[in-house]
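The primary structure of each chain is shown beneath.
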Amino acid sequence: MAQGLRARRSCLAVPGSSQRFLDKAKGLDADQVFLDLEDSVAPSAKPAARGAVVDALNSGGWGEKVRVVRVNDWTTQWTYRDVVEVVEGAGTNIDCIMLPKVQRAEQVVALDLLLSQIERSVGLEVGRIGIEAQIENAQGLIEIDAIAVASSRTETLIFGPADFMASINMKSLVVGEQPSGYDVGDAYHYILMRILMAARAYDLQAIDGPYLQIRDVDGFRRVAERSAALGFDGKWVLHPDQIAAANEVYSPRQDDYDHAENILDAYDFYTSDAGGARGAVMLGDEMIDEASRKMALVVAAKGRAAGLARGDVWQPPADG
Ligand code: GLV
Ligand code: MG
């Protein structure tokens, strides 16, 4: 992954054509914002939205948020101008470009090449701006491995449920909820797992897409908990009420975080000469070994990225 583990528990969608939403987003507690030039912006409003997005990025006030711009997909007439205008205008204030409806690796390569030219032309560090790839249709999903490795800039693979449901003719209009008639499990399980496998195989973050019933925070939480349980790193949020829920659902629980840090400390100690150079040891009632360390590393990394502080800290026994 280009930039290490940045927290992306909550990824806030902000329509680039709305000055009110652009201003409001700065003060919200999302880990990431993406300023949208694609589907939340009407075709006639797209040219003006580019300028508004550049001004919003350059005027600062985004704190530690990951700052992303979603451009239009390569099948439209807008993509190249979206990229040129926002990166030339605000390149130092952009962390990633999000590319929607990715269907083939070449589309990621094309964005990578265009970014490199702009970076050279205006004197930006070449390769710093990352890419986020949205997987939103059947073609993108079957090409996902090639898409994942197409550029070293790529940081995330994102599930786009609304476009995906349309792409596969799913018999439902309620994004994220189960289609009625399907009563034997989660209709999204294969898609989520496929995205997650590619993300983990190629060291990228896996991000779940939007839940459109914005007043139903319990529904949001229920759907988010499913992808969080599988291992996803975060989810889109469309409304301030969804942010706190996402930040909570995609963070480890405090006791899991403490437990993970304690496994790491205890395992380090017991495998060292001072601790007896042992491989499998007891931590309380639990046997831990190298595989436990690997699981603990994941939870600890997510907890650290989320800014959790350690509570209950393990101490080595006084007599070794
Ligand atoms: C997001 O872009 C989606 O299509 O769900
Ligand atoms: Mg979409």
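All chains use their own residue numbering, which begins from 1 and follows the written sequence. Numbering of ligands from 1 and lettering of chains from A proceed in the order in which they are written. Reporting in this predicted model follows two pLDDT cut-offs: at least 70 for local features of residues, and 80 or more for side-chain atom pairs to be given and counted; totals over whole chains, interfaces and linings ignore these cut-offs and use all residues. Side-chain metrics in this entry use all non-hydrogen atoms of the structure; hydrogen atoms and water are not considered.

### So, the nonpolar core
- Formed by 68 residues in total, the largest nonpolar core has its most connected members in Val-87 and Ile-97.
- Membership of the second largest hydrophobic core comes to 13 residues, among which are Ile-263, Phe-269, Tyr-270 and Trp-314. To qualify as a nonpolar core, a set must consist of buried Ala, Val, Leu, Ile, Met, Phe, Trp, Tyr and Cys residues joined through side-chain atoms within 4.5 Å. A simple rule labels every residue: compare its accessible area, found with a 1.4 Å probe on the protein chains alone, to the largest value its type can have, and call it buried under 20%, exposed over 50%, or partly exposed in between.

### Quick notes on the domain arrangement of the protein chain
- Each assigned domain of the protein chain is listed here: domain 1 (10-249) and domain 2 (254-305).
- On a C-alpha basis, the centroid separation for the pair domain 1 and domain 2 is 34 Å. Segmentation into domains, and thus their bounds, comes from an automatic or database assignment.

### Focus on the coordination of the magnesium ion (ligand 2)
- Coordination of the magnesium ion (ligand 2) by the protein comes from Glu-136 (OE) and Asp-163 (OD), over a distance range of 2.0 to 2.1 Å. In this pair, Glu-136 is assigned in the loop between strand S5 (130-135) and helix H5 (138-142) and Asp-163 in helix H7 (residues 161-167), connecting sequence segments 27 residues apart.
- Of the residues examined, Glu-136 reaches a relative accessible area of 3% and is grouped as buried. Metal donors: N, O and S atoms at distances within 2.8 Å, or within 3.2 Å for Na, K and Ca, with water omitted from the atom set so that some sites may seem incomplete. A run of H or I in DSSP becomes a helix once it reaches four residues, and a run of E becomes a strand once it reaches two; helices and strands are each numbered from the N terminus.

### Quick word on the site of ligand 1
- Nearness is defined per residue: one heavy atom within 4 Å of the molecule or strand is enough. Near ligand 1 you find Arg-70, Gln-134, Glu-136, Gly-160, Pro-161, Ala-162, Asp-163, Pro-210 and Trp-236, and these make up its full shell.
- Contacts described as polar in this section are N or O atom pairs within 3.5 Å, which, within protein, must combine one atom able to donate a hydrogen with one able to accept it, while residues neighboring in sequence count only if both atoms come from side chains. Contact between ligand 1 and Glu-136: an oxygen atom at 2.9 Å from a side-chain N or O atom of the residue.
- At 3.1 Å, a backbone N or O of Pro-161 approaches an oxygen atom of ligand 1.
- When ligand 1 is considered free in solution it has 190 Å² of accessible area, and contact with the protein chains removes 93% of it.
- It is H7 that contributes the most residues to the shell around ligand 1, three residues altogether.
- Residues were grouped as follows: Ala, Val, Leu, Ile, Met, Phe, Trp, Tyr, Cys and Pro as nonpolar; Asp, Glu, Lys and Arg as charged; and all remaining residues, including Gly, as polar. Taken together, the residues of the shell around ligand 1 sort by class into four nonpolar, two polar and three charged. For the area figures, the Shrake-Rupley method with a 1.4 Å probe applies, and any residue is considered shielded solely by the protein chains shown.

### Description of the sheet that holds strand S8 (residues 234-237)
- Ordered by their spatial adjacency, eight strands build a closed barrel running S1-S2-S3-S4-S5-S6-S7-S8, and the pairing between neighbours is parallel. Going across the sheet, the axis of each strand differs from the next one's by a mean of 25 degrees, ignoring polarity.
- Sheet topology places strand S3 (residues 66-70) next to strand S4 (residues 96-99); three bridges connect them, and they run parallel. Following the sheet pairing, Val-68 is matched in S4 by Cys-96. Between any two strands, pairing holds if DSSP finds at least two bridges. Think of each axis as a best-fit line through the C-alpha atoms, taken over the contacting stretch in the case of a helix, with angles from 0 to 180 degrees between the N-to-C directions.

### So, the packing of aromatic side chains
- Side-chain rings of Phe, Tyr and Trp, where Trp is taken by its six-membered ring, are said to pair if the distance between their centres is within 6.5 Å; with planes under 30 degrees apart they count as stacked, over 60 as edge-to-face, and otherwise as tilted. Counted according to the given criterion, the structure contains seven aromatic pairs.
- Between Phe-34 and Trp-236, the ring centres sit 4.4 Å apart and the planes meet at 45 degrees, which makes this aromatic pair tilted. Residue Phe-34 is located in strand S2 (residues 32-36), and its partner Trp-236 is located in strand S8; the two are separated by 202 residues in the primary sequence.
- Judged by its relative accessible area of 1%, Phe-34 is buried.
- For a lysine, the NZ atom is tested; for an arginine, the CZ atom; a charge sits over a ring if that atom is within 6 Å of the ring centre and within 35 degrees of the ring normal. Positioned above the aromatic ring of Phe-21 is the side chain of Arg-20, whose terminal nitrogen or guanidinium carbon lies 4.7 Å from the ring centre.

### With respect to the packing of helix H2 (residues 46-58) against helix H3 (residues 79-90)
- Interhelical geometry of H2 versus H3 gives an angle of 25 degrees and a closest axis separation of 9 Å. Between H2 and H3, the angle falls in the class roughly parallel. For H2 against H3, the interelement crossing comes out right-handed. Taking contact as the criterion, the partners of Arg-50, Val-53, Val-54, Leu-57 and Asn-58 in H2 are, on H3, Arg-81, Asp-82, Glu-85, Val-86, Gly-89 and Ala-90.
- For the contact of H2 with H3, the residue count by class is five nonpolar, two polar and four charged. Here the angle decides the label: under 35 degrees means roughly parallel, over 145 means roughly antiparallel, 65 to 115 means roughly perpendicular, and every other value means oblique. A crossing counts as left-handed when the near helix is turned anticlockwise from the far one by less than a right angle, and as right-handed when that turn is clockwise. Whether two residues touch is decided by their heavy atoms; if any such pair falls within 4.5 Å, the residues are in contact.

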